[in-house]
Amino acid sequence: MSLRGSRNRRSDVSAVNVSEAGNGGGKKPFLTPYEMTSFAVLGALMYCSKAVMEWAPNIHLLGMFTMTFALAYRTKGLIPLYVYVFLNGLFAGFAVWWIPYLYIWTILWGVTVILPKRLPVPVSAVMYSAVCGLHGLLFGVMYAPVQALFFGLDFNQTLAWIAAGLPFDIMHAIGNFAAGFLIIPLVKLIKKVNIGNGSIKN
């Protein structure tokens, strides 16, 4: 009786081990198929929004999307962001102008992630818009190091380059500030759509 019972217990343990192996040890994958598809679509949406608004100099929704994805997806929000960056280089060329895109939007993502979250909605709306606008205003400053490095600009020349683009940065800031008021409604929409499939925890 004891030997038979021991064999049964061994069989049960083996069955559990086989089941766990079949399920990848019970570990949840970093990205589900739904998330992979969603992030690809969102990255493409960023690219399409930029292409549609090419007629407006430095006016676009990229800052707004970056902050929205940071708030909705946290670390995973970098994925659609870099899908956009890759698509931009793929269709417009992987040249010197593209290099700052590897970090310039990530800075905004990082700032957004560390912003205080438990604030009244009106305060958060103004704060997000202000941060988005500030990123647009400082776009030339953040872009300048690559220009200086690749084109041999000294400090004074770099300042002159930044100053020359300041009118465009001001327009960028105004557009970003206005678009920033869309962030909270879009975050709520994304969470409402995604909570049911486990992409976002409520």
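Residues numbered from 1 in each chain as written. Predicted model: local features only at pLDDT ≥ 70, side-chain atom pairs only at ≥ 80, totals over all residues. Heavy atoms only, no water.

A. Molecular detail of the nonpolar core. One finds Met67, Trp105 and Tyr128 to be the most contacted residues of the largest nonpolar core, which totals 37 residues. Secondary structure elements with two or more residues in this core: helix H2 (33-52), helix H3 (62-73), helix H4 (78-92), helix H5 (101-114), helix H6 (121-137), helix H7 (139-151) and helix H10 (183-194). By residue number, the principal contributor to this core is H3, which donates nine residues. Among residues more than four places away in sequence, those in contact with Trp105 are His60, Leu62, Gly63, Thr66, Leu81, Tyr84, Val85, His135 and Phe139. (Core = buried A, V, L, I, M, F, W, Y, C linked by side-chain atoms within 4.5 Å. Buried < 20%, exposed > 50% of the residue type's maximum accessible area, 1.4 Å probe, protein only. Helix = DSSP H or I, 4+ residues; strand = E, 2+ residues; numbered from the N terminus. Contact = heavy atoms within 4.5 Å.)

B. Up close: the packing of aromatic side chains. Tallied over the full model, the rule gives twelve aromatic pairs. With 6.1 Å between their ring centres and 75 degrees between their planes, Tyr101 and Trp105 make a pair best called edge-to-face. Here Trp105 and Tyr101 lie together in helix H5, a separation of four residues that amounts to about one turn. Like Tyr101, the residue Trp105 is buried in the burial classification. The ring of Phe30 has Lys76 lying over it, and the distance from NZ or CZ to the ring centre is 5.1 Å. (Phe/Tyr/Trp six-rings, centres within 6.5 Å; stacked < 30°, edge-to-face > 60°. Lys NZ or Arg CZ within 6 Å of the ring centre and 35° of its normal.)

C. Geometry of unusual backbone geometry. One non-glycine residue, Asn58, lies in the positive phi region at around 60 degrees. Checked against the element boundaries, Asn58 lands in the loop between H2 and H3. Residues other than glycine seldom take positive phi values, yet Arg74 does so here, at roughly 55 degrees. Along the polypeptide, Arg74 turns up in the loop between H3 and H4.

D. Just the packing of H7 against helix H8 (residues 155-164), in detail. The contact between H7 and H8 brings their axes to 10 Å, and the two run at 135 degrees. The orientation of H7 relative to H8 falls into the category oblique. Handedness of the crossing formed by H7 with H8: right-handed. Judged by residue contacts, Gly140, Val141, Tyr143, Ala144, Gln147 and Ala148 of H7 engage Thr158, Trp161 and Ile162 from H8. Of the residues in the contact of H7 with H8, the class split is six nonpolar, three polar and no charged. (Axes fitted to C-alpha atoms, helices over the stretch in contact; angles between N-to-C directions. Parallel < 35°, antiparallel > 145°, perpendicular 65-115°, else oblique. Left-handed = near helix turned anticlockwise from the far one by under 90°. Nonpolar A, V, L, I, M, F, W, Y, C, P; charged D, E, K, R; others polar.)

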